Each structure stands twice: as structure tokens, then as C-alpha cells.
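# Observations on the model geometry
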Amino acid sequence: MNRAATVNEVSNGQQQQPNKTKPSGKRINGLSSSVQDIAGLLLFCFSCFLSLTNTNLASYGSFEMVQEIATYLLDRTRIRPQCGIICGSGLGCLAEQLTDVDSFDYETIPHFPVSTVPGHVGRLVFGYLAGVPVLCMQGRFHYYEGYSLAKCSMPVRVMRLVGCTHLIATNAAGAINNNFHVGDIMLIKDHINLMGFAGNCPLLGPNDDRFGPRFLGMAKAYDPGMLQVAKDTAKHVPGLGSILREGVYCCVGGPNFETVAEGRLLSLLGVDAIGMSTVHEIITARHCGMTCFAFSLITNMCTMSYEEEEEHCHETFVDVGRQLEGRICELVTRVVGTIRSEANGRKKE
Ligand SMILES: O=P(O)(O)O[C@H]1O[C@H](CO)[C@@H](O)[C@H]1O
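By convention here, each chain's residues receive numbers from 1 onward along its written sequence. Whole-chain, interface and lining totals are the exception, using all residues; otherwise, since this is a predicted model, local features are given only for residues with pLDDT of at least 70 and side-chain atom pairs are given and counted only at 80 or more. With hydrogens and water excluded, all non-hydrogen atoms of the structure serve as input to the side-chain values.

## Some details on the overall build of the protein chain
When helices and strands are counted, the protein chain shows 11 helices and nine strands. Across the protein chain, the fraction of contacts at a sequence separation of at least 24, relative to all contacts at a separation of at least 6, is 82%. Counting from the N terminus, the helices are DSSP H or I runs at least four residues long and the strands are E runs at least two residues long. Should any heavy atoms of two residues lie within 4.5 Å, those residues are considered in contact.

## Here's the deal with the UniProt feature "domain: Nucleoside phosphorylase" (unreviewed entry) in the protein chain
Residues annotated by UniProt as "domain: Nucleoside phosphorylase" (unreviewed entry) correspond here to residues 84–336. For residues 84–336, the helix share is 28%, the strand share is 25%, and the end-to-end C-alpha distance is 10 Å. UniProt positions are given in the numbering used here, feature names are shortened, and annotations may be inferred rather than shown by experiment.

## Some thoughts on helix α3 (residues 63–74)
A rise of 1.5 Å per residue sets the reference length of α3, with its 12 residues, at 16 Å; its end C-alpha atoms lie 16 Å apart and thus fit the reference within 8%. Buried residues are those whose accessible area, probed at 1.4 Å on protein chains only, stays under 20% of the maximum for their type, while exposed residues exceed 50% and partly exposed ones sit between those limits. Taken together, the buried positions of α3 are F63, M65, V66, I69, A70 and L73. The inward-facing, buried residues of α3 contact β2 (99–105), β3 (123–129) and α5 (149–161). Under the convention used throughout, the expected extent of a helix is 1.5 Å for every residue step, that is, one less than its residue count.

## Considerations on the side chain of D272
Structurally, D272 is set in the loop between α8 (260–268) and β8 (273–275). Only four residue types enter the tally: Lys and Arg on the positive side, Asp and Glu on the negative side, with His and both chain ends excluded. Each salt bridge in this description consists of a side-chain nitrogen of Lys or Arg and a carboxyl oxygen of Asp or Glu lying within 4 Å of one another. Of the side chains bearing the opposite charge, K189 lies closest to the buried D272, which forms no salt bridge; the N-O distance is 5.6 Å. Any N or O atom pair separated by 3.5 Å or less is treated as a polar contact, with the protein-specific requirement of one donor-capable and one acceptor-capable atom, and with residues adjacent in sequence counted only for side-chain atom pairs. A distance of 3.0 Å separates polar atoms of two side chains, one belonging to D272 and the other to N177. Here the side chain of D272 touches V248 through a polar contact of 2.8 Å, landing on its backbone nitrogen. Apart from the residues lying within four places of it in its own chain, the contact partners of D272 are G174, A175, I176, N177, F180, M186, E246, G247 and V248.

## What to know about the packing of α5 against helix α9 (residues 279–287)
Two elements in contact, α5 and α9, have axes separated by 9 Å at closest approach and are oriented at 50°. For the element pair α5 / α9, the angle class is oblique. Both α5 and α9 take part in a crossing whose hand is right-handed. Two secondary-structure elements touch here, α5 through L149, C152, S153, V156 and R157 and α9 through H280, E281, T284, A285 and H287. Charged means Asp, Glu, Lys or Arg here, nonpolar means Ala, Val, Leu, Ile, Met, Phe, Trp, Tyr, Cys or Pro, and polar covers whatever is left, Gly included. Looking at the contact of α5 with α9 residue by residue, the class counts come to four nonpolar, four polar and two charged. Note on method: axes are straight lines fitted to C-alpha atoms, helices fitted across the in-contact stretch only, with angles between N-to-C directions ranging 0 to 180 degrees. By the definition adopted for this analysis, an angle is roughly parallel if under 35 degrees, roughly antiparallel if over 145, roughly perpendicular if from 65 to 115, and oblique otherwise. What makes a crossing left-handed is the near helix being turned counterclockwise from the far one by less than a right angle; a clockwise turn instead makes it right-handed.

## Section: the site of the ligand
Close contacts around the ligand come from 13 residues, with S89, H142, Y144, S277 and H314 the closest. Contact distances for the ligand include 3.3 Å between an oxygen atom and a side-chain N or O atom of H120. Between an oxygen atom of the ligand and a side-chain N or O atom of H142, the distance comes to 2.7 Å. Protein contact buries 96% of the 350 Å² of open area that the ligand shows by itself. Contributing elements (two or more residues each) for the shell around the ligand: β5 (166–175) and α10 (314–323). Looking at the shell around the ligand, its residues break down into five nonpolar, seven polar and one charged. Note on definitions. A residue lies near a molecule or strand when any single heavy atom of the residue is within 4 Å of it. Note on areas: Shrake-Rupley, 1.4 Å probe, and residue coverage restricted to the protein chains presented here.

## Description of the nonpolar core
By nonpolar core we mean a set of buried residues, namely Ala, Val, Leu, Ile, Met, Phe, Trp, Tyr and Cys, connected to one another through side-chain atoms within 4.5 Å. Counting 52 residues, the largest nonpolar core has F112, L124 and L167 as its most contacted members. With 36 residues, the next largest nonpolar core counts V237, L297, I328 and L331 among its residues.

## What to know about unusual backbone geometry
Cis geometry is adopted by the peptide bond preceding P255, which originates at G254 and carries an omega value of 0°. Within the secondary structure, P255 is located in the loop between β7 (244–251) and α8. Of note, the phi angle at T278 is positive, near 70°, even though the residue is not glycine. Assignment of secondary structure puts T278 in the loop between β8 and α9. Among the residues examined, T278 registers a relative accessible area of 0% and is labelled buried.

Written as C-alpha cells, this is what we have:
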């Protein structure tokens, strides 16, 4: 049975209890029945709210559901991808580099959410990059679109079940670090799971060991080897070295951008760039044993003082991505190329 249905049933069961036990029309502790009715109504509204919230946070995508999606896709393409690539806002150009493609609009894939954010096309693209079979998500899902974190990152599990061992996640982000500039590329060496601090995580709910373990170490979430490859690449791609940075990414829920106070707080916490994605995808990928690499395209400087003009505009961010297409595609192509050599190396052993 679908796990989401099970979770809903449990939460519905809990929410009905207050009503079942509500004594109608009797006086309790001196309260009149109309006051009790109002209190009951309020309690009912509150439990409905809690149930909705729980549904929003609860796990989405049983192993069987993800397997059904994977089988649907594998039945329709001969490509057996090794690496999943998630295109951030304005970074859909990555999918356009693939050759011999098989594409699937999200609407046509069973159980798949749909993209609602400009700059996220909403298509899974199988193809080859640097001779390596890859699967590109041309458009991702964000929490602020109304999807649970589990639903946002469910496609990562699909990537794993169709055969991907590696994940490359990209995003558009605002810089907190004032040594960064718009147009820089920040290699993500670590992240702060701010939403996790508040108890929201893509792994909430019962654990299915077929995906991965209940408790998960995150100290090496971002693969040092792939990070090094990216740094080495910068030595060979003109114009890349001067814009390459390294730092800590933090995901906020969005869709509003940060207040000045929030930006300053995150700066104190050691954050270099802020976005509204990636962290839950990396957690999900690490849970199912994938090797991860991620980077942020710095599309804006976060507003850190009340004197600054606030110039945040999603459409402008998407344009920054277009301007840097060449270097970003070159970076990803070269990093993916090393996955092929790794796999060949393993075959020879
Ligand atoms: O993280 P990606 O999908 O690149 O998008 C980033 O850009 C949007 C804000 O402009 C937010 O969704 C933020 O997360």
C-alpha cells in the first residue's frame, strides 16, 4: 500500500479523537454548551490544520511507487544513466548539452509533481554528456510550491533506481559572503540544513531500509574527489578560475527573500550563500548512497543593510544563468567526464 496513504490514515485517526470523545450539550467545569461547541470547533480546526501540516511534511513516495516510476522510464528509453543532474533556476541549458536524448514531460510521468516556477521547464531528459549516460532534471521542485521536502526530492530516488550512482545539483543563490560577486560559481563544500533544525527533513516518517539507513552521517555529504575535479577543471577552462569560489550553502523555505536581520544571522552562522533548494536533495541522495557534487551560481548579493537598495528579481537571476551558460556547461561536462573514467577504472580492476 502507498505509504503516503498510510501516513494520512494515521493522522486522520488522531485528528478524529477529540470529536469522538467530545461530550455534547453537557456542562464541564462550569462551561456552557455553546462555549464548549466553540471550543470543540476551534479544536477541530486546529487538528485539521495539524493534519494538513503533517500531510505536507510526511514522507512521499513508497519504494514501490518510486520503482513504478523507474520502470515506466526504463521501459521507454535504452539509456541507463550513471549520473543525475538537477538544473537550478536559469541553468536548464545543461540539459541542452545532452546528445541522443529521450525526454519526458513531468505531466506524463506517473506520480510525478509538476514544475510551477519560471526557469524550470519540467522535463526529465535522458542522454549522454561527455560520453557518460546521464539523467537531467530540467526543473526541480521547491518546498514553497507546496510540496513536502520528501516530494521535492523524490525524483532523486528515481534517479537512484534507474541506476545513477552520482548526483550533480546546481542552483541559483544569493551571496552572504561579501567577497563573492554576482556571476561567481560557488562550489558547495557543506550546507546548513536550517529547515532540519525546525524538524523538517525529507527523511521524516518511517524509514525504508531499501532506500537507506534510518540514521545518516552527513560529514562527507559533498564528495571531496568531485570537488577537487571541479577545482582542477578551473585551471583548464578560460574565465572559470577567476569566478570559482567554495563555501557553505543554506536552504531557507522561501518564497520570500531574507530580511536584513536574517541575512546577518546566517552570516554569523557561517553561511556563504542562500537558496531554497538542494539541501533536501543532497540528504535524499546520500541516504541512498549516491556520491554528490553541487554548486551555486551567485545571482545576487543578499541585502545585508537597511541602506541598500533591494534588487531581488527571479527573472534577473535566470538571466545571470544564461550569461554564464558556456562556463557552467564546461564545468559540468568535465566533472561528468571523470565519472566515466572512474567507472572504466573499476571495470579494469
Ligand atoms: O534553487 P533554484 O531552483 O536554483 O532556485 C533559486 O531561485 C529561486 C529564487 O529566485 C528559488 O527557487 C531559489 O531556490
